[in-house]
Amino acid sequence: MKKALAALATIGLLFPAFPAVAEIDWSQVEAAIGKKAAVAGTVHKYGLPRSDLHVTLDGVGIKPGLALGGWIAFEPSGHAAMMMGDLVLTETEVNPVMRSLLANGVQVTAVHNHLLRASPTPFYMHIGAHGDPVKLAKAVRDALAETKTPFEPSAAAAGEPPKIDFDTAQVEEALGSQGKNNGGVYQFSVPRADAIKAEGAPIAPSLGVAHAINFQPTGDGKAAITGDIVATAKEVEPLLKALQSNGIEVTALHSHMLDDEPRLFFVISGRTPTRLVWPRG
C-alpha cells in the first residue's frame, strides 16, 4: 500500500495538475456589447430592444416587449461560450448587418418576419457562434453599428413598468405558468419538457428554445398577443390546426438553428386585441 501511494505521489510530481479554466469576466462582455445582463442560471442574456422603431399593426402601436425585443445570450462552455441571438432589423439593415457578422465569425441561421400587416415591416435575424464571449459581443456590437439600435436605457426602462390592466392571474392559470411585466407587456417563457442540443451539447431554454407568449394590454381588459411556439416536425401540423381553430393567426413557420437535436420549428402566431377576462368556474 505504501509503495502504491509513493508511486502516485511521484506521478503527481511528474504530471502536475492542469490549471483551472479561467472564469469568464462578464464585466468585459457587458463593456463590449454596452448592456447589462439578465442572468438565469449560467446564461447571461443581453436585451437589444428596438425602442427606436415605431411599428403599428391593425392600429396598435407595438411595444418592444411584444415583438421588437432583440437579444443575445451566452452559456459558458469550457473556457469559451455558446452564443445565440435574435436581432430585430429594418429591411435596409438586414444585409449590412449580415455582412458584418459573417466577416467576424458569427453564423446567421435564419432571417424572417414575425408580423403580418405591420408598418414598417421588421425583420428578425437569428445568429449563433461559439468562442470568446468578449470577441463575439464586440462582433455583434460592430454589426449593430449599421443600425439605429439604441444602447442607452430609455426613460421608460428606468422607472416602474406600466400597469397591466387585465387579470394576469387568470391568464397564468390558463397557461399553467407565471408571467412577468416587461415594459408594460406581460411575458411568458415556458421551457419544453425534452432536452435540446446544438453542436451535440445541451442548451438552456433561455438561449431561445422556450415557448414565448406575450400580451400587450390595449385597454378595456383586451390585449394584442404574439407567440413563438417551439415544435418538433410531428407537432407542427396539429399545432397549426389548434391555433387556427381558436382564431389565432399563424404568421410564420421556420427554424432558428442549423444543428439542433431534435430538429425544431418555431411557429409564430398572434391575435389583434381580444378580451382576456372570462368568468371563473
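What you see is a predicted model; the values in this text were computed from it and never measured. (Residues numbered from 1 in each chain as written. Predicted model: local features only at pLDDT ≥ 70, side-chain atom pairs only at ≥ 80, totals over all residues. Heavy atoms only, no water.)

A. Quick peek at helix H4 (residues 94-103). Along H4, the positions that sit buried rather than exposed are Val94, Val97, Ser100 and Leu101. All buried residues of H4 lie within an arc of 140° about the axis, which places them on one face of the element. Turned more than 90 degrees off the buried face of H4, the exposed positions are Arg99 and Ala103. Those residues of H4 that are buried are in contact with strand S6 (80-89), strand S7 (107-112), strand S8 (123-131) and helix H5 (133-144). (Buried < 20%, exposed > 50% of the residue type's maximum accessible area, 1.4 Å probe, protein only. Helix = DSSP H or I, 4+ residues; strand = E, 2+ residues; numbered from the N terminus. Arc of directions from axis to C-beta. Contact = heavy atoms within 4.5 Å.)

B. Highlighting helix H2 (residues 26-33). Turning to H2, its buried residues are Trp26, Val29, Glu30, Ala32 and Ile33. Burial along H2 is one-sided: seen end-on, the buried residues are contained in an arc of 160°. Contact partners of the buried residues in H2: strand S2 (43-49), strand S5 (69-77) and H5. Among the residues trailing H2, Gly34 stands out with phi positive, at a value near 80°.

C. View of the packing of H4 against H5. Where H4 meets H5, the closest approach of the two axes is 8 Å, and the angle between their N-to-C directions is 155°. Put simply, H4 runs roughly antiparallel to H5. Note on packing geometry: the crossing formed by H4 with H5 is right-handed. Contacts from Val97, Ser100 and Leu101 in H4 reach Ala139, Val140, Asp142 and Ala143 in H5. The class makeup of the residues in the contact of H4 with H5 is five nonpolar, one polar and one charged. (Axes fitted to C-alpha atoms, helices over the stretch in contact; angles between N-to-C directions. Parallel < 35°, antiparallel > 145°, perpendicular 65-115°, else oblique. Left-handed = near helix turned anticlockwise from the far one by under 90°. Nonpolar A, V, L, I, M, F, W, Y, C, P; charged D, E, K, R; others polar.)

D. Highlighting the sheet that holds S5. The antiparallel open sheet is built from six strands, whose spatial order is S1-S2-S5-S6-S8-S7. Unpaired on one side and paired on the other, strand S1 (38-40) and S7 mark the two borders of the sheet. Strand-to-strand twist across the sheet, computed as the mean angle between neighbouring axes with direction ignored, equals 15°. Note that S6 and S8 share nine bridges and pair antiparallel. Within the sheet, the bridge partner assigned to Met83 lies in S8 and is Ala129. Across the face of the sheet, H4 comes into contact with S6, S7 and S8 while running at roughly 5° to S8. Set on the sheet, H5 makes contact with S2, S5, S6 and S8; between it and S6 the angle comes to about 15°. (Pairing = 2+ DSSP bridges.)

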